Amino acid sequence: MSLITPDFGLLFWMTLIFAIVFFILAKFGFPLITGMVKKRSEHIEQSLRDAEQAQKALKELAEEQKRMIEETRKEQARILNEAAVNGDRIVQEAREQARTQTTAMIEQAREEIRIERDTARREIADEVAMLSVEVAEKLLRRQLDSTSSQNALIDRLIEEARAKHGQVN
Amino acid sequence: MYRIKGLGILLAALLLLFPPTLRAEEVPHAGADASFDLNHYIFGHIGDAYEWHITTIRGHHISIPLPCIVFDGGLHVFSSHKMAEHGYTLNENGKLVNAATGKRPFDISITKNVCSLILSSILLVVLVLLTARWYRRHDAMKEAPRGFPGLMEMLITMVTDDIIKEGVGKDWEKYAPYLLTAFFFIFLNNLLGIVPFFPGGANLTGNIAVTLFLAVCTFLAVNLFGNKHYYKDIFWPEVPTWLKVPLPLMPFIEIIGMFTKPFSLMVRLFANILAGHIMLLGVVAVVFITAKLGPVINGSMSVISVLFGVFMDILELLVAFIQAYVFTMLSSVFIGLSRQEPEHETKQIETTK
């Protein structure tokens, strides 16, 4: 029977002690712990959210970077292409210029050669004329060393002159 | 009571290891206890006492005397060993009575249970404040506790998240300190109750006075802070009018319900822990009961007793936790019910959460 009849002494002490324990724990124990645990879990949640955001930003940044690299590469290709075209054009122009210049020079040289040749030809003709006169003089001198031949010549020349004169008359 | 189980283990080991001649010698020794009083043995362990019995060596009792505090036409304080000198004696229920008149005085003695209550309460306060100190000394934002504070944090988080938040709902922070205190108080005392030697071993949570007090606390927490809707549901529930007008049938039932809830809490904890203690004691008692049946039966029964004792011990560990859990859970549910909002909107809000 005593098992199920609450003992007053124990009930009294239980009330007193439990009240004290509850007071101490409720003031200095559990609220502090639960508060800290709550704060920490909130902190962890916040950190997780932050991390997710940072990851997102990083991903965007990487994409941006990729895009920029792609653009730069395109630009580079374009510039290279242009340079190649320009180079080709310049080489072509230089070649053209060189050709015209060469042609002009050749033309000039030819002109000079022609003038030189004409001059030379004329000089040669003068020389030949002089030589023929000298040769003729020498030949005449030899043919006219005798009187008879000189007479003959004079006759002939007179004849010729007569003939010529007669023709004119 | 585990002290006795320890002896049982020892006895079983001796019986198994020693040669038969020695075993024969054991029998008369055990036989000396043939007048084994099972009733006295069990109730001596689960009941209260004015002294803390540690052990008995060769018929000589070793016990710690505890102070008796009595109001009997004046305050009397004396050691329980000197009870007779002060004119008091124990009645057939083991309660202190005036030797001359045979009446119970106003008695607030520090009995075995009170002593155990003081010790366990100091232990509880120390344990929780140690944990709280960790949080004061560390930056909880940067690290989680390890070791003992970590274990306490796990338990506290479990109780708050799984029991209190679920049961109480809104404003759970207001009730968390009481419910946590109740949980740890019950859990610690349940555990100490299964410890067989001195600071433990008292049957505190299996004592009706203790569970009565805890149930009253829950009753107050439920009814003092109950909202309008809760009281309307009790005194004017939504039932056909003839159930409440000439004869207040439903209010009557509801008012009884107010008391049966904490009553069930009280009986559940008390009965579970008490039953656990009695079963353990019974299992251990097998060793002593079979002592006069001869060495073979006693030896084999001792082995069975030890095996059952181990099983019961593990079961009691489980029960120690479950009862603390159930008490806290039901308390939070009752509190939550007393604070429920009447409208259907609240339900919708809860589900959308």
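In this text, all values refer to a predicted model and were calculated from it rather than measured experimentally.

Draft legend 1. Spatial organisation of the overall build of chain B. Across its full length, chain B carries 11 helices and 7 strands. A fraction of 68% describes how many contacts in chain B between residues 6 or more apart in sequence connect residues 24 or more apart.

Draft legend 2. The overall build of chain A, seen in detail. When its secondary structure is counted, chain A shows 2 helices and 0 strands. Taking 15 Å as the expected radius of gyration for a compact globule of 169 residues, we find that chain A reaches 67 Å, considerably beyond that expectation. Every one of the 169 residues in chain A was classed for burial, and the buried ones make up 8%.

Draft legend 3. How the structure looks around the nonpolar core. Grouped together as the largest cluster of nonpolar side chains are 67 residues, with contacts concentrated most on B:Tyr175 and B:Phe183. Of all the secondary-structure elements, those providing two or more residues to this core are α1 (8–143) of chain A together with α4 (112–137), α5 (147–168), α6 (172–194), α7 (208–224), α9 (249–289) and α10 (295–338) of chain B. For this core, the leading source of residues is α6(B), giving 15 residues. Ignoring any residue separated from it by four or fewer positions in sequence, one finds B:Phe183 in contact with B:Val159, B:Ala324 and B:Thr328. Core analysis: the next-biggest nonpolar cluster, separate from the first, contains 9 residues, B:Leu281, B:Val284, B:Val287 and B:Phe288 among them.

Draft legend 4. Examining the interface of chain A and chain B more closely. Listed by partner, the interface residues are 32 residues for chain A and 37 residues for chain B. Counted by class, the side of chain A that touches chain B contains 23 nonpolar, 6 polar and 3 charged residues.

Draft legend 5. Here's a closer look at the domain arrangement of chain B. Taken domain by domain, chain B consists of domain 1 (67–109) and domain 2 (112–342). On a C-alpha basis, the centroid separation for the pair domain 1 of chain B and domain 2 of chain B is 32 Å.

Draft legend 6. Looking closely at unusual backbone geometry. The phi torsion at B:Asp171 lies on the positive side, around 60°, for a residue other than glycine. Structurally, B:Asp171 can be placed in the loop between α5 and α6.

Draft legend 7. Examining the pairing of strand β4 (residues 75–79) of chain B more closely. All names here are of chain B. One ladder, built from 5 bridges, connects strand β3 (residues 67–71) with β4; its direction is antiparallel. Opposite Val70, over in β4, you have His76 as the bridge partner. The hairpin turn running from β3 into β4, its antiparallel successor, is 3 residues long, and Gly73 in that turn takes a positive phi close to 65°.

Draft legend 8. Layout of the pairing of strand β2 (residues 60–65) of chain B. All names here are of chain B. Taking burial as the measure, the 6 residues of β2 include 0 buried ones, a minor fraction of the element. Summarising the sheet, strand β1 (residues 51–57) and β2 pair through 6 bridges and their orientation is antiparallel. When the bridges of β2 are listed, Glu51 appears paired with Pro65.

Draft legend 9. Just the sheet that holds β4(B), in detail. What the 3 strands build is an open sheet, ordered β4-β3-β7 (chain B); its pairing is antiparallel. Each edge of the open sheet is held by one strand with a lone partner, namely β4 and β7 (106–107) of chain B.

Draft legend 10. The arrangement of the packing of α7(B) against α9(B) in detail. All names here are of chain B. Closest axis-to-axis distance for the α7/α9 pair is 8 Å, and the angle between their directions is 150°. Considered as vectors, α7 and α9 are oriented roughly antiparallel to each other. Relative to α9, the crossing made by α7 is right-handed. Packed against α7, whose contacting residues are Ile208, Thr211, Leu212, Ala215, Val216, Thr218, Phe219 and Asn223, the element α9 presents Met258, Pro262, Phe263, Leu265, Met266, Leu269 and Phe270 at the interface. When its residues are assigned to classes, the contact of α7 with α9 shows 12 nonpolar, 3 polar and no charged.

Draft legend 11. Inspection of the confidence of the model for chain B at higher detail. All names here are of chain B. On average, chain B scores 81 in pLDDT, and the residues at 70 or more come to 87%. The secondary structure element of chain B with the lowest average pLDDT is helix α2 (residues 20–31), at 38, and the one with the highest is α10, at 92. A low-confidence stretch, residues 14–34 stays under pLDDT 50, and its non-local contacts, those more than four residues away or across chains, total 18 contacts. Both scores are given for the predicted complex: the pTM is 0.71, the ipTM 0.81.

Draft legend 12. Highlighting the packing of α4(B) against α6(B). Residue and element names in this part refer to chain B. As a packed pair, α4 and α6 sit with axes 10 Å apart at the nearest point and diverge in direction by 125°. Our classification of the angle between α4 and α6 gives oblique. Judged by the twist between their axes, the crossing of α4 over α6 is right-handed. Counted together, Ser120, Leu123, Leu124 and Val128 of α4 and Phe184, Phe185, Leu188, Asn189 and Leu192 of α6 form the full contact between these two elements. Here the contact of α4 with α6 is composed, by residue class, of 7 nonpolar, 2 polar and no charged.

Draft legend 13. Main features of the environment of B:Leu315. Structurally, B:Leu315 can be placed in helix α10. Distance from B:Leu315 to B:Glu153, taken between C-alpha atoms, is 25 Å for residues 162 residues apart in sequence.

What counts and what doesn't
Residues numbered from 1 in each chain as written. Chains lettered and ligands numbered in written order. Predicted model: local features only at pLDDT ≥ 70, side-chain atom pairs only at ≥ 80, totals over all residues. Helix = DSSP H or I, 4+ residues; strand = E, 2+ residues; numbered from the N terminus. Contact = placed C-beta atoms within 7 Å. Rg over C-alpha atoms; globule rule 2.2 N^0.38 Å. Buried ≥ 20, exposed ≤ 12 C-beta atoms within 10 Å, placed from the backbone. Core = buried A, V, L, I, M, F, W, Y, C linked by C-beta atoms within 7 Å. Nonpolar A, V, L, I, M, F, W, Y, C, P; charged D, E, K, R; others polar. Domains from an automatic or database assignment. Pairing = 2+ DSSP bridges. Axes fitted to C-alpha atoms, helices over the stretch in contact; angles between N-to-C directions. Parallel < 35°, antiparallel > 145°, perpendicular 65-115°, else oblique. Left-handed = near helix turned anticlockwise from the far one by under 90°. pLDDT = per-residue confidence, 0-100.

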